[in-house]
Amino acid sequence: MTVNKKIQRKKHVRPSNDPLTILSPGSKAPNFSLHTTPDQKVSLTDFRGRPVVIAFYPADWSPVCTDELSLYNQILSEFQKFNAEIMGISVDGVWTHLAFAKDRNLHLPLLSDFEPKGLVSKSYGAYNQKTGESERALFVIDHSGIVRWSYLSPDGVNPGADGILNALEKLYPEKREVTQVNAA
Amino acid sequence: MSSENTPKLTLPVNETRDHIQGSPTAKVTLVQYGDYQCPYCGEAYSIIKKIQKRFGSDLRFVFRNFPITEAHPFAETGAEIAEAAGAQGKFWEMHDYLYENQQSLSNVEFFARYANEKLGLDGKKLKKEVLAQAYTARIKEDFMTGIRSGVNGTPTFFINDYRHNGSYDYEVLEEAIEFAMGTKKIETKKTLVSRPERQTRR
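Computed from a predicted structure; not experimentally measured. Starting from 1, residues in each chain are numbered consecutively following that chain's sequence as written. Here the convention is simple: chains get letters from A, ligands get numbers from 1, in the order in which they are written. A pLDDT threshold of at least 70 governs which residues receive local features in this predicted model, and a stricter bar of 80 or more applies before side-chain atom pairs are shown or counted, although totals over entire chains, interfaces and linings include all residues. Water and hydrogen atoms play no part in the side-chain values, which are based on all heavy atoms of the structure.

### Things to note about the side chain of Glu80 of chain B
All names here are of chain B.
Inference 1: The secondary structure listing takes helices from DSSP runs of H or I that are at least 4 residues long and strands from runs of E that are at least 2 residues long, numbered from the N terminus. As for its position among the elements, Glu80 is in helix 2 (residues 75–87).
Inference 2: For each residue, the accessible area found with a 1.4 Å probe, counting protein chains only, is set against the maximum for its type, and the residue is called buried under 20%, exposed over 50%, and partly exposed in between. As used throughout, the charge tally considers Lys and Arg to be positive and Asp and Glu to be negative, leaving His and the chain termini uncounted. A side-chain nitrogen of Lys or Arg and a carboxyl oxygen of Asp or Glu constitute a salt bridge if their distance falls within 4 Å. The buried charged residue Glu80 lacks any salt bridge, with Lys140 as its nearest oppositely charged partner at 8.6 Å.
Inference 3: Distance and chemistry together define a polar contact, namely a pair of N or O atoms within 3.5 Å, with one atom able to donate a hydrogen and the other to accept it when in protein, and with adjacent residues in sequence counting only for side-chain atoms on both sides. Among the polar contacts listed, one links the side chain of Glu80 to the backbone nitrogen of Ala134, at a separation of 3.4 Å.
Inference 4: Each residue touching Glu80, except ones within four places of it in the same chain, is listed here: Glu129, Val130, Gln133, Ala134, Tyr135, Thr136 and Ile139. By the convention used here, residues are in contact when the closest approach between their heavy atoms is within 4.5 Å.

### Quick look at the packing of helix 3 (residues 91–100) of chain B against helix 4 (residues 108–117) of chain B
Residue and element names in this part refer to chain B.
Inference 1: Every angle, taken between N-to-C directions, lies between 0 and 180 degrees, and every axis is a line fitted to C-alpha atoms, over only the stretch in contact when it is a helix. As a packed pair, helix 3 and helix 4 sit with axes 11 Å apart at the nearest point and diverge in direction by 140°. Classified by the angle between their axes, helix 3 and helix 4 sit oblique to one another. As for how helix 3 packs across helix 4, the hand of that crossing is right-handed. On helix 4, the residues touching Glu93, Met94, Tyr97 and Leu98 of helix 3 are Phe110, Phe111, Tyr114 and Ala115.
Inference 2: As a working rule, the residues Ala, Val, Leu, Ile, Met, Phe, Trp, Tyr, Cys and Pro are called nonpolar, Asp, Glu, Lys and Arg charged, and the rest polar, with Gly in that last group. Each residue belonging to the contact of helix 3 with helix 4 can be placed in one class, and the counts come to seven nonpolar, no polar and one charged. We call two directions roughly parallel when the angle between them is under 35 degrees, roughly antiparallel when it is over 145, roughly perpendicular when it lies between 65 and 115, and oblique otherwise. Should the near helix be turned anticlockwise from the far one by less than a right angle, the crossing is left-handed, and should it be turned clockwise, the crossing is right-handed.

### Regarding the pairing of strand 1 (residues 33–37) of chain A
All names here are of chain A.
Inference 1: One bridge is not enough; two strands pair if DSSP finds at least two bridges between them. Where strand 1 and strand 2 (residues 40–43) come together, four bridges link them in antiparallel fashion. Within the sheet, the bridge partner assigned to Ser33 lies in strand 2 and is Ser43.
Inference 2: Counted between consecutive antiparallel strands, the loop separating strand 1 from strand 2 contains two residues.

### Some thoughts on the nonpolar core
Inference 1: Here the nonpolar core consists of buried residues drawn from Ala, Val, Leu, Ile, Met, Phe, Trp, Tyr and Cys, with membership extended through side-chain atoms lying within 4.5 Å. Core analysis: the biggest nonpolar cluster contains 46 residues, and Leu30, Tyr36, Met94, Leu98, Leu126 and Ile177 of chain B have the highest contact counts within it.
Inference 2: If you tally residues by element for this core, the top one is helix 1 (residues 39–55) of chain B, at eight residues.
Inference 3: The next biggest cluster of nonpolar side chains, apart from the first, holds 39 residues, and it includes Leu71 and Leu76 of chain A together with Val62 and Met144 of chain B.

### A look at the environment of Ala82 of chain B
Residues and elements named next belong to chain B.
Inference 1: Residue position: Ala82 is located in helix 2.
Inference 2: Residue classification places Ala82 among the buried positions, given a relative accessible area of 0%.
Inference 3: Contacts of Ala82, omitting those with residues within four sequence positions, involve Tyr36, Phe91, Met94 and Leu98.

### Side note on the interface of chain B and chain A
Inference 1: Contacts between the two partners involve 21 residues from chain B and, on the opposite side, 26 residues from chain A.
Inference 2: Of the roughly 1900 Å² buried between chain B and chain A, counting both surfaces, carbon and sulfur atoms make up 54%.
Inference 3: What gets called buried area is simply the loss in accessible area from a 1.4 Å probe that two parts show on being joined, summed for both. Of all residues in chain B, Glu70, Arg148 and Asn152 of chain B give up the largest surface area on contact with chain A, accounting jointly for 35% of the area buried on that side.
Inference 4: Joining chain B to chain A, the criterion identifies one salt bridge.
Inference 5: In this structure, Arg148 of chain B and Glu169 of chain A form a salt bridge, with 2.8 Å as the shortest nitrogen-oxygen distance.
Inference 6: Where chain B meets chain A, there are seven residue pairs in polar contact (both at pLDDT 80 or more).

### Re the sheet that holds strand 4 (residues 156–159) of chain B
Residues and elements named next belong to chain B.
Inference 1: An order of 1-3-2-4-5 is seen for the five strands of this open sheet, with the pairing classed as mixed. The sheet terminates laterally at strand 1 (19–21) and strand 5 (162–163), the two strands that pair on one side only.
Inference 2: Bridge count for strand 2 (residues 28–34) against strand 4 is four bridges, and the pairing is antiparallel. Bridged to Val31 within strand 4 is Phe158.
Inference 3: Its contacts with the sheet place helix 7 (residues 170–181) against strand 2, strand 3 (59–65) and strand 4, and it is angled at close to 140° to strand 2.

### As for the pattern of salt bridges
Inference 1: Inspection of every chain in the model, using the stated rule, returns 17 salt bridges over all chains.
Inference 2: Two residues, Arg148 of chain A and Asp142 of chain A, come together in a salt bridge whose shortest N-O distance is 2.9 Å.
Inference 3: By relative accessible area, Arg148 of chain A is classed as partly exposed at 42%.
Inference 4: Among the ionic pairs, Glu15 of chain B bridges to Arg60 of chain B, the shortest N-O distance being 2.6 Å. In this pair, Glu15 of chain B sits in the segment before strand 1 while Arg60 of chain B sits in strand 3, placing the two residues 45 residues apart along the sequence.
Inference 5: When its relative accessible area of 41% is taken as the criterion, Glu15 of chain B is described as partly exposed.
Inference 6: We classify Arg60 of chain B as buried; its relative accessible area is 11%.

### A closer look at unusual backbone geometry
Inference 1: Pro116 of chain A follows Glu115 of chain A through a cis peptide bond whose omega is -5°.
Inference 2: Mapped onto the elements, Pro116 of chain A comes out in the loop between strand 5 (110–112) and helix 5 (119–123).
Inference 3: Cis rather than trans, the peptide bond between Thr154 of chain B and Pro155 of chain B has omega equal to -5°.
Inference 4: With respect to the helices, strands and loops of the structure, Pro155 of chain B is situated in the loop between helix 6 (136–149) and strand 4.
Inference 5: Here the phi dihedral of Asn83 of chain A falls at roughly 60°; this positive angle occurs in a residue that is not glycine.
Inference 6: Structurally, Asn83 of chain A can be placed in the loop between helix 3 (76–80) and strand 4 (85–90).
Inference 7: Positive phi, normally seen in glycine, also occurs at Asn160 of chain B, with a value near 45°.
Inference 8: Along the chain, Asn160 of chain B turns up in the loop between strand 4 and strand 5.
Inference 9: Asn160 of chain B sits in the partly exposed class, given a relative accessible area of 29%.

Put into structure tokens, the structure is as follows:
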């Protein structure tokens, strides 16, 4: 039992030079229920019937994350065209999320993967054991809860929004025209 | 610079549509997506001036709007002012003046006066257009072409249609442009690093 436990734990530890394997398209998206405010939780299943975009990111306040989340925040109306909900997840606590969102005028929900630390990030293969933070990883989950696109961004690189919008368009081609004609 | 994984401009540079400095026959085209209130774009502004001086007629420079208004509430105003001046034939003069006076962005009158007194434009018309957001559609079009091309913050540069993933420091941009010109054969690590200076500065 102890030996098995040790092996299992070892499996989770990723050497820093070893590529992470994030959940790939076709996988069932693991459900979660995380705090977005001190008294409010958000679950993946709350959005069943709608596409969901999850942006895991290392930390509130860090420069690349701010760029990335500000960008998504700026184009919320583009995601709404697909009836998609976009949310950010990091291991920061709810109070720092609230302060960060207020400071940067962010209107998308930020979920706190705080306790047990990084559990949800780990379930998506998007946790960096070495830094103790979520990786910068994107997932597009369809209306039935299946991962349809995922992307692990190189460290320090803001992935932008084009990959997400391309994935949503591919999934829901009937919305494509609307997105291409209209601007933010 | 070009590779399968590097994002590419979805809307190619268009001589009649875009704001352009330089000749279409220039060896390299540098496109910037910028926000007039963004402090990093303010930094990049003077660097681009040096880059233009360094490469002369070998370089064509294009500016497209990318106002991140949720973060920079006066970015849209800045873009409107530049476009309104552009409609009267003085885009670049106003573009430069905006970046040299970023702290005054909330004051449309300040720029209208400059348009009137220094550029010989109809300042009243400019102000009226800015307040009416006359160029919003154009600005939004710029913005969305940026989103679809992989613009991931401001400033973002494209060199010969491919996104420049390095920093906007002078040496890095210079090397990337030399590489695109074919005058530099080996791409050093510098150009491949993703904006490290920008990250540490924040």
